[in-house]
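# Topology and contacts: notes
Residues per chain, in single letters:
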Amino acid sequence: MDVSKDSALKIAEFLLQIKAVRLSPREPFQWSSGWKSPIYCDNRKTLSYPNIRTFIRQQLTEVVTEKFGKPDAIVGVATGGIPQGVLVAQELGTSFAYIRPKPKEHGMHNRIEGVLTDEQNVVVIEDLISTGKSSIAAVEALRENDITVKGLVSIFTYNLPAAEENLKNANLQAFSLCDYETLIEQALRSEYIAEKDLESLRKWRESPETWGK
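So, here's what we can say about the structure.

Rules of the game
- Residues numbered from 1 in each chain as written.
- Predicted model: local features only at pLDDT ≥ 70, side-chain atom pairs only at ≥ 80, totals over all residues.
- Heavy atoms only, no water.
- Axes fitted to C-alpha atoms, helices over the stretch in contact; angles between N-to-C directions.
- Helix = DSSP H or I, 4+ residues; strand = E, 2+ residues; numbered from the N terminus.
- Parallel < 35°, antiparallel > 145°, perpendicular 65-115°, else oblique.
- Contact = heavy atoms within 4.5 Å.
- Nonpolar A, V, L, I, M, F, W, Y, C, P; charged D, E, K, R; others polar.
- Salt bridge = Lys/Arg side-chain N within 4 Å of Asp/Glu carboxyl O.
- Buried < 20%, exposed > 50% of the residue type's maximum accessible area, 1.4 Å probe, protein only.
- Phe/Tyr/Trp six-rings, centres within 6.5 Å; stacked < 30°, edge-to-face > 60°.
- Left-handed = near helix turned anticlockwise from the far one by under 90°.

## A few points about the packing of helix α6 (residues 180-189) against helix α7 (residues 198-206)
Two elements in contact, α6 and α7, have axes separated by 11 Å at closest approach and are oriented at 170°. One way to sum up the angle between α6 and α7 is to call them roughly antiparallel. Of α7, the residues touching α6 (which contributes Y180, E181, I184 and L188) are L198, L201, R202, W204 and R205. Here the contact of α6 with α7 is built from residues that sort into six nonpolar, no polar and three charged.

Below, the structure is given as structure tokens:
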């Protein structure tokens, strides 16, 4: 995470308020990986609220420029990073492209959609970081096309140890506007969760693959 504490708490408040994030330690969700999780995150909901959308756009733009300077282009990761990336690119006055999870199965078989050249440097925008694998795969697709990736900025990260290790191994600098610990702090402040839920929520982050079994 790399915004002020107040801004991070404000984003956490927004995410909880519009139910973009749900916390349910006693009735957990199941991810596609098979993991049980006390948290479910859908940051696409932020796009439906102009004041929240604007605040997130401003914060993403600020982190991009403070950490990486003004890039030649912004690249969104499909699908959640596409609209957020467009908003940031518009704010910065840069070009925009996006990365598919895999090449298109017809036509030109593109994986990179938009116009990028190997002379450009880019910052990648994500809505959410879990293990980091999908973000890293997108970055590797750019690097394979000789595009310089300055770094990655996301709205939210679960702060999973696996993500930290994966990003480090990929030599990828990543920053998020809000993280799991900040979200839990705000959820407790707003009485969204109770003190007795804290231990279970924190244990999940430490070992998500075994939590709830």
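## Side note on the pattern of salt bridges
Inspection of the entire model under this criterion finds 11 salt bridges. The closest approach of N and O atoms between D42 and R44, which form a salt bridge, is 3.6 Å. For D42, a relative accessible area of 19% puts it in the buried group. For R44, a relative accessible area of 43% translates into the label partly exposed. In this structure, R189 engages E185 in a salt bridge whose closest nitrogen and oxygen atoms are separated by 3.0 Å. With R189 and E185 both in helix α6 and four residues apart, this pair spans about one turn of that helix. Members of the salt-bridge network, linked through shared partners, are K5, E185 and R189.

## Side note on the packing of aromatic side chains
Scanning the model with the defined rule gives nine aromatic pairs in all. Chaining the aromatic ring pairs together yields one cluster made of W31, W35, F156, Y158, Y180 and W204.

## Side note on the packing of helix α1 (residues 5-17) against α6
Between α1 and α6, whose axes approach to 9 Å, the crossing angle comes to 65°. Considered as vectors, α1 and α6 are oriented roughly perpendicular to each other. When the axes of α1 and α6 are compared, the crossing they make is right-handed. Only T182, L183, E185, Q186, A187 and R189 of α6 make contact with α1, whose side of the interface consists of K5, A8, L9, A12, E13 and L16. For the contact of α1 with α6, a count of residues per class yields six nonpolar, two polar and four charged.

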